[in-house]
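What follows is each chain in one-letter form.
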Amino acid sequence: MAYDKTLDEDIFYCSDYIGSYWIKLTEENNTVLIDELLKLLSFLEYKELLFLGQIDKPWISKPMSKRFSSVIYNKAIRFFKNNGIWTKFNGAVKVEQKDFKEFLTHFFTLTRFEGYFWDHYFSDERQNILFSIHYSGEIQVITLNEEINKSFLSFVKNTEFIDSFRKDTDRL
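Here we summarise the structure given alongside this text. None of the values given here were measured: they were computed from a predicted structure.

### Observations regarding the side chain of histidine 106
Then comes step 1: Turning to its location among the elements, histidine 106 is positioned in helix H4 (residues 100-113).
Then comes step 2: Under the relative-accessibility criterion, histidine 106 is labelled buried at 8%.
Then comes step 3: Those residues in contact with histidine 106, other than ones at most four positions away along the chain, are Lys75, Ala76, Phe79 and Phe80.

Take a look at the structure:
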């Protein structure tokens with residue numbers, strides 16, 4: 001996303017895509033959410049993921065860095081700080097498969113607790129698919145080619161994810 005001063009409006013960029021899905025668990029459970037997402041990523045055989053922000057701003061804002069709302073929130077903030085993702089960081093993060101669970105757990109914690117952390121997504125290195133985790137626990141999945149669309153649709157049925165039935169999205 002960028003801001004056009006001449007038009008005085010935000011400009012959103014989105015690649016051409018094949019499928020746009022919103023999925024959720026059959027029953028809300030934050031631990032199961034990460035485990036089911038890991039199952040899907042494993043099936044897709046991703047060894048690394050790239051995490052990016054949609055807006056040119058630091059991942060962790062100054063208000064976020066000073067808020068002390070709960071033990072789990074503070075643990076997530078410490079994790080990001082210890083990994084160099086702090087109040088001036090606004091780039092991409094490459095996460096290896098062995099670190100998916102820990103990273104996604106803290107990533108989802110900040111997504112759930114923090115309004116400043118709404119605009120992050122992740123993709124495989126070849127950018128075949130985009131994922132975004134909503135604070136509600138729903139996951140947006142955008143497939144960028146036919147092969148990954150077929151793979152996603154065939155495997156998602158082997159998880160506890162179901163269609164969220166959001167308006168203007170494709171059905172599973």
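Back to the write-up after that little detour.
### Description of the packing of aromatic side chains
Then comes step 1: Evaluated as defined, the whole model comprises 14 aromatic pairs.
Then comes step 2: Each ring, one from phenylalanine 43 and one from phenylalanine 155, has its centre 4.1 Å from the other, and the planes form 5°; the classification is stacked. Of this pair, phenylalanine 43 sits in helix H1 (residues 30-43) while phenylalanine 155 sits in helix H5 (residues 146-156); the two residues are 112 residues apart in sequence, bridging distant segments of the chain.
Then comes step 3: When its relative accessible area of 34% is taken as the criterion, phenylalanine 43 is described as partly exposed.
Then comes step 4: Overall, the relative accessible area of 13% leaves phenylalanine 155 in the buried class.
Then comes step 5: Their ring planes at 25° and their centres at 4.7 Å tell us that phenylalanine 51 and phenylalanine 122 sit as a pair that is stacked. With phenylalanine 51 in strand E4 (residues 48-53) and phenylalanine 122 in strand E6 (residues 120-124), this pair connects stretches of sequence that are 71 residues apart. With respect to class, phenylalanine 51 is no different from phenylalanine 122; both count as buried.
Then comes step 6: Through pairs of rings, three or more aromatic residues link up here, namely Phe51, Trp59, Phe79, Phe80, Phe89, Phe103, Phe107, Phe122 and Phe131.
Then comes step 7: The ring centre of phenylalanine 108 lies 5.2 Å from the NZ or CZ of arginine 112, which sits over that ring.
Then comes step 8: Cation over ring: arginine 166 sits above tryptophan 22, and NZ or CZ is 3.7 Å from the ring centre.

### Side note on the sheet that holds E6
Then comes step 1: Reading across the sheet, the seven strands line up as E5-E4-E6-E7-E8-E3-E9 and stay open at both edges, with antiparallel pairing between neighbours. Only two strands of the sheet have a single neighbouring strand rather than two, namely strand E5 (93-96) and strand E9 (161-163). Averaged over neighbouring strand pairs, the angle between their axes works out to 30° when direction is ignored.
Then comes step 2: With four bridges joining them, E4 and E5 adopt antiparallel strand pairing. Each bridged residue has a counterpart across the sheet, and for phenylalanine 51 the counterpart in E5 is valine 93.
Then comes step 3: Its contacts with the sheet put H4 on E4, E5, E6 and strand E7 (129-133), and the angle it makes with E4 is roughly 20°.
Then comes step 4: The strands that H5 touches are strand E3 (19-25), E7, strand E8 (139-143) and E9; relative to E3, the one it contacts most, it runs at about 20°.

Cut-offs and rules
- Along each chain, residues carry numbers from 1 onward, in the same order as the chain's sequence is written.
- Whole-chain, interface and lining totals are the exception, using all residues; otherwise, since this is a predicted model, local features are given only for residues with pLDDT of at least 70 and side-chain atom pairs are given and counted only at 80 or more.
- The basis for the side-chain values is all heavy atoms of the structure; hydrogens and waters are excluded.
- Helix numbers and strand numbers start at the N terminus; a helix is a DSSP run of H or I with at least 4 residues, a strand a run of E with at least 2.
- Using a 1.4 Å probe on the protein chains alone, a residue whose accessible area is under 20% of its type maximum counts as buried, one over 50% counts as exposed, and one in between counts as partly exposed.
- Note on contacts: a residue pair is in contact if any heavy atoms of the two residues lie within 4.5 Å.
- Geometry of aromatic contacts follows a simple scheme: Phe, Tyr and Trp rings, the Trp one being its six-membered ring, pair when their centres are within 6.5 Å, and the pair is stacked under 30 degrees between planes, edge-to-face over 60, tilted otherwise.
- Put simply, a charge is over a ring when the Lys NZ or the Arg CZ is close to the ring centre, within 6 Å, and near the line of the ring normal, within 35 degrees.
- Two strands pair under a simple rule: DSSP has to find at least two bridges between them.
- Orientation is described by axes fitted as lines to C-alpha atoms, over the contacting stretch for helices, and by angles from 0 to 180 degrees between their N-to-C directions.

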